Amino acid sequence: ACLASATVAVTTLRPGPHRAELDPVEWEAACRSALGSAVAQADRPGADYAGVTVCSLRQGFVLLDAAGAVLGNGVLNSDRRGGPYAEVLAGTHGVTGHWPAPELTLPKLLAVAAEEPDRWAATARVLFVHDWVLWLLTGRQVTETSYACAGGMADVARRGWAVDLLEVSGLGMSRLAPLVEA
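Residues numbered from 1 in each chain as written. Predicted model: local features only at pLDDT ≥ 70, side-chain atom pairs only at ≥ 80, totals over all residues. Heavy atoms only, no water.

### Regarding the pairing of strand β4 (residues 125–128)
Phase 1: Residues R125 and L127 of β4 are buried on one face, and the alternating residues V126 and F128, pointing to the opposite face, are buried as well.
Phase 2: With four bridges joining them, strand β2 (residues 61–64) and β4 adopt antiparallel strand pairing. Each bridged residue has a counterpart across the sheet, and for L63 the counterpart in β4 is V126. (Buried < 20%, exposed > 50% of the residue type's maximum accessible area, 1.4 Å probe, protein only. Helix = DSSP H or I, 4+ residues; strand = E, 2+ residues; numbered from the N terminus. Pairing = 2+ DSSP bridges.)

See below:
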């Protein structure tokens, strides 16, 4: 049973056509506020809970440098900058479970790599928004398997990164976190 929940409104930035981004400073503050509120609500006489969880829409991500600093704005689920790169997923439906779509994480990451090479070169870690928030709370950089699957970057049957696809696409594996189950 859910003992408490909280929501804090955040802004979606629209810096250009087909772009939907998040301000990491605003989003971190909103997440901390919502989590604090939920914990305060749950901490009442007779309440018994074992943990707190976080969820987000699938294909949003943030890029971190080697020190863990966020590199610019995060990219949201509805961002479509990956349009010119979506065909990298053509013929991979049997592996990834996805058709080519500009909203998926892989095409959006390829767009960032091609269109913002300095930002991409500085990227040490890619975290989905959900995984980024959990990292802020726990200090662990991991990716929950279903997010990798939803982003068109995983071998769904193996429940692991789609290594061959990621290498062939040029994205590679070095910036991706270890996969964990929920």
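### Remarks on helix α5 (residues 129–138)
One turn of an α-helix holds 3.6 residues; hence residues three or four places apart share an orientation.
Phase 1: Of the residues making up α5, those classed as buried are V129, H130, D131, W132, V133 and W135.
Phase 2: Next to the buried residues of α5 lie β1 (21–22), α1 (24–42), β2, β4, β5 (143–144) and α6 (145–150).
Phase 3: Following α5 by one or two positions, G139 has its phi on the positive side, about 85°. (Contact = heavy atoms within 4.5 Å.)

### Side note on the pattern of salt bridges
Charged atoms that come close allow side chains of opposite charge to pair.
Phase 1: The tally for this structure, following the rule as stated, stands at nine salt bridges.
Phase 2: Residue E103 pairs with R80 through a salt bridge whose shortest N-O separation is 2.0 Å. Of this pair, E103 sits in the loop between α2 (93–96) and α3 (105–115) while R80 is found in the loop between β3 (74–75) and α2, placing the two residues 23 residues apart along the sequence.
Phase 3: A relative accessible area of 23% means that E103 is categorised as partly exposed.
Phase 4: Salt bridges here are not isolated pairs; linked through shared partners, they connect E21, D79, R81, E116 and R119. (Salt bridge = Lys/Arg side-chain N within 4 Å of Asp/Glu carboxyl O.)

### Observations concerning the packing of α1 against α5
Phase 1: Viewed as axis vectors pointing N to C, α1 and α5 meet at an angle of 65°, and their least axial separation amounts to 11 Å. By the angle between their directions, the pair α1 and α5 is classed as roughly perpendicular. When you trace α1 past α5, the crossing you get is right-handed. Touching P24, W27, E28, C31, R32 and L35 of α1 are V129, W132, V133, L136 and L137, all from α5.
Phase 2: By residue class, the composition of the contact of α1 with α5 is nine nonpolar, no polar and two charged. (Axes fitted to C-alpha atoms, helices over the stretch in contact; angles between N-to-C directions. Parallel < 35°, antiparallel > 145°, perpendicular 65-115°, else oblique. Left-handed = near helix turned anticlockwise from the far one by under 90°. Nonpolar A, V, L, I, M, F, W, Y, C, P; charged D, E, K, R; others polar.)

### Looking at the side chain of R175
Phase 1: Among the structural elements, R175 can be located in the loop between α7 (163–169) and β8 (179–180).
Phase 2: An unpaired buried charge is present at R175: no salt bridge exists, and E167, the closest side chain of opposite charge, is 9.4 Å distant.
Phase 3: Leaving out residues up to four positions away in the same chain, R175 has contacts with W120, A121, T123, A124, R125 and V126. (Lys, Arg positive; Asp, Glu negative; His and termini not counted.)

### A word on the environment of E87
Phase 1: Turning to its location among the elements, E87 is positioned in the loop between β3 and α2.
Phase 2: With relative accessibility at 57%, the residue E87 sits in the exposed group.
Phase 3: Note: C-alpha distance between E87 and P107 (20 residues apart in sequence) is 8.1 Å.

### Examining the side chain of T145
Phase 1: Here T145 is to be found in helix α6.
Phase 2: With residues near it in sequence (within four places) discarded, T145 still touches R159, L179, V180 and E181.

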